[in-house]
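In case you want the letters, here they are:
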Amino acid sequence: MTRIVRWGILGTGRIARDFAAGLRATPDAVLAAVASRSSEGAQAFAQQFDVPLAFGTYEELAASPDVDIVYIATPHPMHAANALLALRGGKAVLCEKPFAMNRREAGEVVALARAKNLFLMEAMWTRFMPALAEVRRIIASGEIGAVTQLHADFGFSATPDPAHRVNDPTLGGGALLDLGIYPLSIACALLGRVETVQAQAVMGETGVDLTTAFTMRHAGGTLSICSCSLRARAPSELVVSGTRGSVRMHRMFHMTESVTVDLLDGPSRTISTPWLGNGYTHEAIAAGQCLRDGLLEHPDMTHDETLAIMDLLDTIRRQIGLRYPSDA
């Protein structure tokens, strides 16, 4: 593996453009290729981001010898199939969340990556942001005492248009997969394995969840209380509380640039946690370093943890009655 990591982006939507912008600030990384379902779409993206290779099919990107790792940036229901395509082409994969539509699909992707000895990681960018590293450090230091609970929410007022992807079950719409996965994943990252989960939801006319709330009991006895909504402009903060105080990740916690510690016996203090590029840069750095080190998974976002999270999402969806065509 050379020092320079050659990236290919599969898909040309908003998230693909955000990731491409993040790569501009990523050391020792180049955006070598992009693929769309049309040559016109690929060429337009390539022109905007100065990409040398533009492919009009996903298969061409998967087969390209000029790409080391593929970032999957397509709609939710396509993630598993696109990841499998890239892996069969011998490419490492960074797959946007949700990693797949269900645990069955996720298991197929992980199994192929392991069989082919290829790097694979879920693109949960929160896991690699400086704010989360600081929260972990504060918890480990014992400053807030023994951790007992975590509260997190994520919500905004999305369009009620039934044809929009967030309301369309055929595109994996709903609050849980789009937004709820953020507090769920970070709660698991901070509190560890989940033993039980209980959820309730308000469902929309198209059959997707508009607002979902769930509580999780983690190994060791801690609790996380999480919610997500497509119909509420929520604070979107995360608070970890312990016996001596708390630490707060501020609004839009998944990309916050500061955290605040409040102690029972001391003044409040705020720590700056700025991030590089547009935030996506950190997960690109992490994936690139894994390729250079010959790792097949990242210790902060392992295959087993991704599969466990997909299990939790499946369980929550069963409890609230949320089904997708891919579950058939």
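Residues numbered from 1 in each chain as written. Predicted model: local features only at pLDDT ≥ 70, side-chain atom pairs only at ≥ 80, totals over all residues. Heavy atoms only, no water.

Draft legend 1. Spatial organisation of the UniProt feature "domain: Gfo/Idh/MocA-like oxidoreductase N-terminal" (unreviewed entry) in the chain. Feature annotation in UniProt places "domain: Gfo/Idh/MocA-like oxidoreductase N-terminal" (unreviewed entry) on residues 5–121, given in this structure's numbering. Secondary structure content for residues 5–121 is 43% helix and 23% strand, and the end C-alpha separation is 15 Å. (UniProt positions renumbered as here; feature names shortened; annotations may be inferred. Helix = DSSP H or I, 4+ residues; strand = E, 2+ residues; numbered from the N terminus.)

Draft legend 2. Molecular detail of the layout of surface pockets. Estimates place the volume of the largest pocket at around 680 Å³. Taken together, 30 residues form the lining of the largest pocket, with Arg14, Ile15, His76, Arg165 and Asp178 sitting closest to its centre. For the lining of the largest pocket, the elements supplying multiple residues, two or more each, are α1 (14–23) and α7 (175–191). Within the lining of the largest pocket, the residues separate by chemical class into 14 nonpolar, 9 polar and 7 charged. Viewed by domain, the lining of the largest pocket spans two of them, domain 1 (5–126) and domain 2 (130–274 + 309–327), each represented by three or more residues. (1 Å grid on protein atoms, 1.4 Å probe; cavity = no way out; pocket = protein on both sides within 12 Å on 5 of 7 lines; lining within 4 Å. Points joined across faces, edges and corners; volume = space filled by probe spheres on them. Nonpolar A, V, L, I, M, F, W, Y, C, P; charged D, E, K, R; others polar. Domains from an automatic or database assignment.)

Draft legend 3. Focus on the side chain of Asn167. Residue placement: Asn167 occurs in the loop between β7 (147–155) and α7. Apart from residues no more than four positions distant in its own chain, Asn167 is found in contact with Thr159, Pro160, Asp161, Pro162, Thr206, Val208, Leu210, Leu230 and Arg231. (Contact = heavy atoms within 4.5 Å.)

Draft legend 4. Region of interest: the environment of Leu238. By the secondary structure assignment, Leu238 is in strand β11 (residues 238–242). With 68 residues separating them in the primary sequence, Leu238 and Thr170 have C-alpha atoms 30 Å apart. Leaving out residues up to four positions away in the same chain, Leu238 has contacts with Leu150, His151, Ala152, Ile186, Leu190, Val247, Arg248, Met249 and Phe253.

Draft legend 5. Spotlight on the sheet that holds strand β14 (residues 269–272). On the basis of which strands lie adjacent, the open sheet formed by 8 strands has the order β8-β9-β10-β7-β11-β12-β13-β14 and mixed pairing. Each having just a single partner strand, β8 (194–203) and β14 make up the two edges of the open sheet. Direction aside, the axes of adjacent strands within the sheet are offset by 15° on average. This element, helix α9 (residues 303–320), spans β8 and β9 (209–218) of the sheet and lies at about 45° to β8. (Pairing = 2+ DSSP bridges. Axes fitted to C-alpha atoms, helices over the stretch in contact; angles between N-to-C directions.)

Draft legend 6. Looking closely at the domain arrangement of the chain. According to the domain assignment, the chain consists of domain 1 (5–126) and domain 2 (130–274 + 309–327). Taking only C-alpha atoms, the centre of domain 1 and the centre of domain 2 are 26 Å apart. Listed per partner, the contact involves 17 residues of domain 1 and 20 residues of domain 2. Between domain 1 and domain 2, roughly 1,600 Å² of surface is buried when both sides are summed, and carbon and sulfur atoms account for 62% of that area. When residues of domain 1 are sorted by the area they lose upon contact with domain 2, Met101, Trp125 and Thr126 head the list and together hold 35% of the total. Scanning the region where domain 1 abuts domain 2 turns up 1 salt bridge. With a shortest N-O distance of 3.7 Å, Arg103 and Asp311 are connected by a salt bridge. Across the contact surface, domain 1 and domain 2 share 9 residue pairs in polar contact (both at pLDDT 80 or more). Grouping the amino acids of the side of domain 1 that touches domain 2 by side-chain chemistry returns 9 nonpolar, 3 polar and 5 charged. (Buried area = accessible area lost by both parts, 1.4 Å probe. Salt bridge = Lys/Arg side-chain N within 4 Å of Asp/Glu carboxyl O. Polar contact = N/O pair within 3.5 Å; in protein donor to acceptor, adjacent residues only side chain to side chain.)

Draft legend 7. Summary view of the nonpolar core. If you look at the biggest cluster of nonpolar residues, it comprises 110 residues, and the most contacted ones within it are Trp7, Ile9, Tyr71, Leu190 and Val240. Among the elements that take part in this core, α7 stands out by supplying 12 residues, more than any other. Lining this core are residues from two domains, each supplying at least three of them: domain 1 (5–126) and domain 2 (130–274 + 309–327). What Leu190 contacts, discounting residues up to four positions off in sequence, is Leu132, Val135, Arg136, Ile139, Leu150, Leu238 and Val240. (Core = buried A, V, L, I, M, F, W, Y, C linked by side-chain atoms within 4.5 Å. Buried < 20%, exposed > 50% of the residue type's maximum accessible area, 1.4 Å probe, protein only.)

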